[in-house]
Amino acid sequence: PGSHPLGCPRLRRAYLCARVQALSIVALKLGATVITMTNSAADRGSSRRHDAVRVMSLIDLTDLNDARTPDALADLVDCALKSGVPAVCVWPEFVARVASLLDADADRGSCLIAAVVNFPAGGTDIEAVTVETSDALAAGADEIDLVLPYRAYSSGNVGVARSMVERIADVVHESVGRSGRPAELKVILETGELTDDAAVRGAARLAVDAGADFIKT
């Protein structure tokens, strides 16, 4: 454990999951940069630490559990600062608490704060999600992770899905995050709920065209 490239058990588990996925990447050709990873016998030992650092630089350390205690949030921030992940992701109501924890530990560095909205149901109430997004940004969120209204999209109501992303993109892109940089929008497509590859491509294209800065599975 003392020589492991990651700083805590939570991240060791995240790294293992991310590495398994990264070894069989299938990329949507949407102009994104694809990070490739090797898995040859020769590379396995020498690149392990390098791969770990690369993976950690691309993920959010997330706590969306039902039992969200102050101690759990403090542990999340501590683990993030130890390990150098770019962001922590929490429910909107905990953004302010995480911001205060990061402020109190500013001498150890910092990371961005991401907040999920329209999560996990992916509903169609645009006004409610707009309020949720505005509150999270006002509390200090740097990034908003919006769940696409995937049921509406899958049933053919593409207009509602597009309107949701466009509205939230407008709110996000008018804001500056706690970090001082322009806030960004990530759209969660819920690809496991979409019917086939064509639906995934369509949802991805919709999100990007409607203003998403990033898309997620």
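Residues numbered from 1 in each chain as written. Predicted model: local features only at pLDDT ≥ 70, side-chain atom pairs only at ≥ 80, totals over all residues. Heavy atoms only, no water.

Student: Looking at this structure, how should I read the overall build of the protein chain?
Tutor: Helix and strand content of the protein chain: nine helices and six strands. Counting only residues that meet the buried cut, the protein chain has 41% of its 217 residues in that class. Of the contacts made within the protein chain by residues no fewer than 6 positions apart, 74% connect residues no fewer than 24 positions apart. Of the roughly 11,100 Å² that the protein chain leaves accessible, carbon and sulfur atoms contribute 52%. (Helix = DSSP H or I, 4+ residues; strand = E, 2+ residues; numbered from the N terminus. Buried < 20%, exposed > 50% of the residue type's maximum accessible area, 1.4 Å probe, protein only. Contact = heavy atoms within 4.5 Å. Areas by Shrake-Rupley, 256 points an atom, 1.4 Å probe, with all protein chains shown as cover.)

Student: Got a minute to help me understand the sheet that holds strand 6 (residues 214-216) in this structure?
Tutor: Two pairing modes exist for strands in a sheet, parallel and antiparallel, and in both the strands are linked by backbone hydrogen bonds. Sheet architecture is open: six strands sit in the order 1-2-3-4-5-6, paired in parallel fashion. What marks the edges here is a single partner per strand, and that holds for strand 1 (60-62) and strand 6. If you compare each strand with its neighbour and ignore which way they point, the axes differ by 25° on average. Here strand 1 runs beside strand 2 (residues 87-90); their pairing, made up of three bridges, is parallel. Along strand 2, the bridge assignment pairs Thr-62 with Cys-89. With respect to the sheet, helix 6 (residues 126-139) is in contact with strand 3 (112-117) and strand 4 (143-147), its orientation differing from that of strand 3 by roughly 165°. (Pairing = 2+ DSSP bridges. Axes fitted to C-alpha atoms, helices over the stretch in contact; angles between N-to-C directions.)

Student: How do you make sense of the packing of helix 6 against helix 8 (residues 158-173) when you look at a structure like this?
Tutor: For any two helices packed against each other, the geometry is given by the interaxial angle and the distance between the axes. The N-to-C vectors of helix 6 and helix 8 enclose an angle of 25°; their axes lie 10 Å apart at closest approach. Our classification of the angle between helix 6 and helix 8 gives roughly parallel. With respect to the hand of their crossing, helix 6 and helix 8 are arranged in right-handed fashion. Contacts between helix 6 and helix 8 involve Ile-126, Glu-127, Val-129, Thr-130, Thr-133, Ser-134 and Leu-137 from the first element and Val-160, Ser-163, Met-164, Arg-167, Ile-168, Val-171 and Val-172 from the second. (Parallel < 35°, antiparallel > 145°, perpendicular 65-115°, else oblique. Left-handed = near helix turned anticlockwise from the far one by under 90°.)

Student: What exactly am I supposed to notice about helix 8 here?
Tutor: Since one α-helical turn is 3.6 residues long, residues separated by three or four positions face the same way. When the terminal C-alpha atoms of helix 8 are compared, their 22 Å separation across 16 residues agrees well with the 22 Å that a helix rising 1.5 Å per residue should span. Buried within helix 8 are the following residues: Ala-161, Met-164, Val-165, Ile-168, Ala-169, Val-171 and Val-172. The arc that holds every buried residue of helix 8, seen down its axis, measures 165°, which confines them to one face. (Expected span 1.5 Å × (residues − 1). Arc of directions from axis to C-beta.)

Student: Explain the pattern of salt bridges here, please?
Tutor: Opposite charge on two side chains permits pairing when their charged atoms draw close. Evaluated as defined, the whole model comprises 14 salt bridges. Across the pair Arg-54 and Asp-51 runs a salt bridge, and its minimum N-O distance is 4.0 Å. Here Arg-54 and its partner Asp-51 are both found in helix 3 (residues 48-56), three residues apart, which amounts to about one turn of the helix. Since its relative accessible area comes to 25%, Arg-54 is described here as partly exposed. What emerges from the salt-bridge pattern is a single network uniting Asp-60, Glu-143, Asp-145, Arg-181, Glu-184, Lys-186 and Lys-216. (Salt bridge = Lys/Arg side-chain N within 4 Å of Asp/Glu carboxyl O.)

Student: Looking at this structure, how should I read the packing of aromatic side chains?
Tutor: For any pair of aromatic rings, geometry is given as the distance between the ring centres together with the angle between the planes. Enumeration according to the criterion identifies one aromatic pair in this entry. With centroids separated by 5.5 Å and ring planes inclined at 75°, the aromatic side chains of Trp-91 and Phe-119 adopt a geometry described as edge-to-face. You can see Trp-91 sitting in the loop between strand 2 and helix 5 (95-104) and its partner Phe-119 sitting in the loop between strand 3 and helix 6, a full 28 residues away along the chain. Assessed through its relative accessible area of 15%, Trp-91 is described here as buried. (Phe/Tyr/Trp six-rings, centres within 6.5 Å; stacked < 30°, edge-to-face > 60°.)

Student: Even after reading the chapter, I still don't get the nonpolar core, so can you show me in this structure?
Tutor: The nonpolar side chains of soluble globular proteins are, as a tendency, buried together. The biggest cluster of nonpolar side chains holds 59 residues, and the ones touching the most others in it are Ile-144, Leu-146, Leu-148, Leu-185 and Val-187. Here this core takes seven residues from helix 8, the largest share from any one element. Once residues within four sequence positions are removed from consideration, Leu-185 is found in contact with Ile-144, Leu-146, Val-165, Ile-168, Ala-169, Val-172, His-173, Gly-211, Ala-212, Asp-213 and Phe-214. (Core = buried A, V, L, I, M, F, W, Y, C linked by side-chain atoms within 4.5 Å.)

Student: So what exactly am I meant to see when it comes to unusual backbone geometry here?
Tutor: Negative phi values dominate among residues other than glycine, just as trans dominates among peptide bonds. A cis amide bond, omega 0°, links Phe-119 with the succeeding residue Pro-120. One can find Pro-120 in the loop between strand 3 and helix 6. The phi angle at Asn-118 is positive, at roughly 55°, despite the residue not being glycine. By secondary structure assignment, the location of Asn-118 is in the loop between strand 3 and helix 6. Backbone geometry places Glu-190, a non-glycine residue, at a positive phi of 55°. Position of Glu-190 relative to the elements: it lies in the loop between strand 5 (184-188) and helix 9 (197-209).

On their own, these measurements won't tell you what the molecule is for.
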